[in-house]
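# Residue-level structural notes
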Amino acid sequence: IRLEPTELFYCFYILSLLEKKSTHLSELKARMFMSKSPESSPIHDCGTAYGISQNINGLGAELLEVLSDAIQSRHKIAFLYEKPSSETDLREVYPYKLFHTPISWFLAGWDQDSKDFRTFKLARMSFPKTLKESFVRQPFDIQDFLGDAWWVQHDKSRLSNPYEIKILFKGEAGKAIREYHFHKSQKIEPHPEGSLVTWHLSYLYEFASWLMQWLGQIEIVSCDELKEIIENKINPKLKNEK
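Residues numbered from 1 in each chain as written. Predicted model: local features only at pLDDT ≥ 70, side-chain atom pairs only at ≥ 80, totals over all residues. Heavy atoms only, no water.

### Regarding the pattern of salt bridges
One pass over the structure, following the stated rule, counts eight salt bridges. Among the ionic pairs, R118 bridges to D116, the shortest N-O distance being 3.3 Å. Of the residues examined, R118 reaches a relative accessible area of 33% and is grouped as partly exposed. Classification of D116 as partly exposed rests on a relative accessible area of 31%. Linked through salt bridges whose partners overlap, the residues forming this network are K76, E92 and E133. (Salt bridge = Lys/Arg side-chain N within 4 Å of Asp/Glu carboxyl O. Buried < 20%, exposed > 50% of the residue type's maximum accessible area, 1.4 Å probe, protein only.)

Quick look at the structure:
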């Protein structure tokens, strides 16, 4: 539930009036208090362009509840995780934050095996279990963790020198693109044919997948690397011929 400050106040007020009648209400009020700030909330809102209120892609609400509880109580979790190769590993993770993009829900957490922060796709998780072992949170900032990612991935080696992408959105697409702010680097300029949009990204493949939906309504003004990726997506044979 996403609440405005006034709505949150009235929820606290009502729960306070009813608290003596049920011990569960005291716990609910504590959870609402923890969720009212971005730092303490178990879920990170990636922004209006990503729609955190969308469906959870067939996942049961139980999985989100288990992970949210583990984040707030600071307990390690264990789960089976399916790799892209279809192999399955048992992972033990200190969970830090849940976040949502147009492609899926993800968990950001400290992976015990790799000794580093990792991203886990919830759709690949199975049999999650909260362990008794608790942990002390390390300094963690979800914005730093995601870098300049369009959705999830970024290239650390190019963060200081990202690709400059200029796309001309024509006609109705030029009008539609003005209604959304898809990325923090986004800049829109009026153009006789529509809208000229500039982005700066260190990683292009997620952006290229998103851009494919606009084909026939756009012109890639700059970024040769992006043009090549799009060409290979349209005609995979080109990649083998080069």
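Okay, back to it.
### Some remarks on the nonpolar core
For soluble globular proteins, the rule of thumb is that nonpolar side chains tend to be buried together. Counting residues in hydrophobic clusters, the biggest one holds 38 residues, and the most contacted among them are F99, I167, F169, F207, W210, L211 and L226. Those elements giving two or more residues to this core turn out to be β3 (88-100), β4 (105-111), α4 (142-146), β7 (163-170), β9 (194-201), α6 (205-211), β10 (218-222) and α7 (224-234). Ignoring sequence-local partners within four residues, the contact set of F99 consists of H44, C46, S104, W105, F106, L107, A108, T119, I142, F145, L146 and V152. (Core = buried A, V, L, I, M, F, W, Y, C linked by side-chain atoms within 4.5 Å. Helix = DSSP H or I, 4+ residues; strand = E, 2+ residues; numbered from the N terminus. Contact = heavy atoms within 4.5 Å.)

### Some words on the pairing of strand β2 (residues 75-82)
One ladder, built from five bridges, connects β2 with strand β6 (residues 125-134); its direction is antiparallel. In the sheet register, I77 faces β6, and the bridge partner there is T130. Here six bridges tie β2 to β3, and the two strands are oriented antiparallel to one another. Along β3, the bridge assignment pairs A78 with E92. Between β2 and β3, which pair antiparallel one after the other, the connecting turn spans five residues, and S86 there sits at a positive phi close to 80 degrees. (Pairing = 2+ DSSP bridges.)

### Describing the sheet that holds β9
One open sheet holds the four strands; their spatial order is β8-β9-β7-β10, and the pairing between them is antiparallel. Single-partner strands in this sheet number two, and they are β8 (187-191) and β10. Here the strands of the sheet are splayed against their neighbours by 25 degrees on average, with no regard to which way each runs. Bridge count for β8 against β9 is five bridges, and the pairing is antiparallel. Residue E189 lies in a different strand from β9, and its bridge partner there is L196. Of the strands in this sheet, β7 and β10 touch α7, which is tilted by about 140 degrees from β10. (Axes fitted to C-alpha atoms, helices over the stretch in contact; angles between N-to-C directions.)

### Description of the environment of T130
Following the sequence through the fold, T130 ends up in strand β6. Overall, T130 belongs to the partly exposed group, its relative accessible area being 36%. Aside from chain neighbours lying at most four places away, what touches T130 is V66, A70, H75, K76 and I77.

### So, the side chain of T198
Mapped onto the fold, T198 is located in strand β9. Here the side chain of T198 touches K166 through a polar contact of 3.1 Å, side chain to side chain. Not counting residues within four places of it along the chain, the set of residues in contact with T198 comprises E164, I165, K166, S185, Q186, K187 and E189. (Polar contact = N/O pair within 3.5 Å; in protein donor to acceptor, adjacent residues only side chain to side chain.)

### With respect to the packing of aromatic side chains
Going through the model one piece at a time under the given rule, you end up with 25 aromatic pairs. Within the aromatic cluster, the residues linked to one another by ring pairs are W150, F169, Y180, F182, W199, F207, W210 and W214. Stacked on the ring of Y163, the Lys or Arg R158 has its end atom at 3.8 Å from the ring centre. (Phe/Tyr/Trp six-rings, centres within 6.5 Å; stacked < 30°, edge-to-face > 60°. Lys NZ or Arg CZ within 6 Å of the ring centre and 35° of its normal.)

### Some details on unusual backbone geometry
As a rule of thumb, non-glycine residues mostly have phi less than zero, and peptide bonds are mostly trans rather than cis. Backbone geometry places R74, a non-glycine residue, at a positive phi of 60 degrees. Tracing the backbone shows R74 in the loop between α3 (61-73) and β2. Although it is not a glycine, S86 sits at a positive phi angle of roughly 80 degrees.

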